[in-house]
Amino acid sequence: MFFWGTAIFLAAIASRKLGNVLTLFWMQLFGFLIGLVYFIFNLNSFSYVFVSQNLPVLLLVAVFQVIAYLGFYKGLEKAEVSLVGPIGAAWGLVVAILSVIFLKESLGASQVLAIGLIVVGIVMLSINIPAFLKSQKVNLLVGVKEGVIAMFGWGISLFLLVFPSKDLGWFLPTIIFRFLALLILVAYIIYLKGKFIPNKKEFPLKLLLAIGLFDVGGFFAYSFGVAGTQASIVAPIGSAFALVSVILAKVFLKEKIDRNKIIGILAIVGGLILISS
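On a predicted model such as this, the values are computed, not experimentally measured, just so you know.

Tallying secondary structure elements over the chain gives 14 helices and 0 strands in all. Going from N to C terminus, the chain has its helices and strands arranged as α-α-α-α-α-α-α-α-α-α-α-α-α-α. Buried residues in the chain amount to 53% of all 277 residues. Looking at the chain alone, contacts between residues at least 24 apart form 88% of all its contacts between residues at least 6 apart. As presented, the chain carries roughly 12900 Å² of accessible surface, and 72% of it is formed by carbon and sulfur atoms.

Here's what the structure looks like:
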């Protein structure tokens, strides 16, 4: 929760300087290199028996991760962290629902209530309530669509990550799918005829390195958790990173958080905590 929340806050700053594609590429690259150092020093401690049979799933994880991050970082470019962050963070709801459907994990009354709270929170964050009551028209706020894309992309990918994590342990799935995500991003940048380092913009090396460090740390912690317990418990706790990113945005970016946002954020975070109880 802490790792991901800090990474999201820093990514908002980087995305507004470099754009969503380059921010994601360099974050993924630095995160992969950090993980690669650990991998090299612990090469003989891993079991590679089930790697090949899990590659298709890890490729799907990489695809949905790239979609989620590109959408999320695009949202951070043009909207506030306190709006995009909590909506994207609701991926824990997607994982919990998919776990119930496909893994036959059960939800109690408190979890059902939590789902309702999260939905209410997303609605509170997504529309201008006074304007809606006045015009009776639903106009989504800027950044909502990207936050929803991130929510589903992260939710599906992190649900899929449960299966290779149980076969391969907490580390290998993360390092493999990040490598595959890098390949996808390199192909995408080449397709766009883009540059990996912009000419006219200052390259925020330290910032991107920090994002990669915090992001990969969050994934390692998540993979470690789901390898040993139910995904419907670990996922909501991890997705409460929105609380960390919102606090950092309020303190350092001076974002204004009105009553609707406060209610929406509290509803989502409260729902995510309740769904894991």
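With that out of the way, let us pick up helix α3 (residues 51-78). Its 28 residues give α3 an end-to-end C-alpha distance of 39 Å, which sits within 8% of 40 Å, the value for a rise of 1.5 Å per residue. The principal kink in α3, of about 30°, is found at Val57.

The next thing to look at is the side chain of Ser157. Locating Ser157 in the fold gives a position in helix α8 (residues 144-160). A distance of 3.1 Å separates a polar side-chain atom of Ser157 from the backbone oxygen of Trp154. Sequence-distant contacts of Ser157, defined by excluding residues within four places in its chain, comprise Val61, Phe64 and Gln65.

Counted under the stated rule, the structure contains 19 aromatic pairs. Ring geometry for Phe3 versus Phe214: centroids 6.1 Å apart, planes at 45°, classification tilted. Note that Phe3 is positioned in helix α1 (residues 2-18) and Phe214 in helix α11 (residues 205-226), a separation of 211 residues in sequence. Ring plane angle 35° and centroid distance 5.7 Å describe the contact between Phe32 and Phe179, whose orientation is recorded as tilted.

Our focus in this paragraph is the side chain of Lys261. Structurally, Lys261 is set in helix α14 (residues 259-275). Ignoring any residue separated from it by four or fewer positions in sequence, one finds Lys261 in contact with Glu80, Ser82, Leu83, Leu125 and Lys256.

Further remarks concern empty space enclosed by the protein. What the rule picks out here adds up to 1 cavity of 30 Å³ or more. Its volume calculated, the largest cavity comes out at about 70 Å³. What lines the largest cavity is Trp4, Ile8, Gln65, Tyr69, Trp91, Trp154, Leu158, Asp215, Phe219 and Phe241. Put simply, the parts of the chain that give the lining of the largest cavity at least two residues each are α1, α3, α8 and α11. Among the residues making up the lining of the largest cavity, the classes are represented as 8 nonpolar, 1 polar and 1 charged.

Take the packing of α3 against helix α4 (residues 81-89) next. Axis separation between α3 and α4 bottoms out at 8 Å; the angle between their running directions is 160°. Between α3 and α4, the angle falls in the class roughly antiparallel. Seen along the crossing, α3 lies across α4 with a hand that is right-handed. Touching Phe72, Gly75 and Leu76 of α3 are Val81, Val84, Gly85 and Gly88, all from α4. Partitioned by chemical class, the residues of the contact of α3 with α4 number 4 nonpolar, 3 polar and no charged.

Another point: the layout of surface pockets. Estimates place the volume of the largest pocket at around 190 Å³. As for the largest pocket, its lining consists of 12 residues, and the residues nearest its centre are Leu18, Leu22, Gly194, Lys195 and Pro198. Along the lines of polarity and charge, the residues of the lining of the largest pocket split into 6 nonpolar, 4 polar and 2 charged.

Taken together, Leu59, Val63, Ile67 and Ile149 make up a surface patch of nonpolar side chains, about 300 Å² in accessible area. No other element matches α3, which puts 3 residues into the nonpolar patch. Relative to the helices and strands, Ile149 is located in helix α8. For Ile149, a relative accessible area of 37% corresponds to the partly exposed category.

What counts, and at which threshold
- Residues numbered from 1 in each chain as written.
- Predicted model: local features only at pLDDT ≥ 70, side-chain atom pairs only at ≥ 80, totals over all residues.
- Heavy atoms only, no water.
- Helix = DSSP H or I, 4+ residues; strand = E, 2+ residues; numbered from the N terminus.
- Buried < 20%, exposed > 50% of the residue type's maximum accessible area, 1.4 Å probe, protein only.
- Contact = heavy atoms within 4.5 Å.
- Areas by Shrake-Rupley, 256 points an atom, 1.4 Å probe, with all protein chains shown as cover.
- Expected span 1.5 Å × (residues − 1).
- Bend = angle between axes of the 7 residues up to and from the residue.
- Polar contact = N/O pair within 3.5 Å; in protein donor to acceptor, adjacent residues only side chain to side chain.
- Phe/Tyr/Trp six-rings, centres within 6.5 Å; stacked < 30°, edge-to-face > 60°.
- 1 Å grid on protein atoms, 1.4 Å probe; cavity = no way out; pocket = protein on both sides within 12 Å on 5 of 7 lines; lining within 4 Å.
- Points joined across faces, edges and corners; volume = space filled by probe spheres on them.
- Nonpolar A, V, L, I, M, F, W, Y, C, P; charged D, E, K, R; others polar.
- Axes fitted to C-alpha atoms, helices over the stretch in contact; angles between N-to-C directions.
- Parallel < 35°, antiparallel > 145°, perpendicular 65-115°, else oblique.
- Left-handed = near helix turned anticlockwise from the far one by under 90°.
- Patch = residues over 30% accessible without salt bridge, like charges linked within 9 Å, V, L, I, M, F, W, Y side chains within 5 Å.
- Salt bridge = Lys/Arg side-chain N within 4 Å of Asp/Glu carboxyl O.

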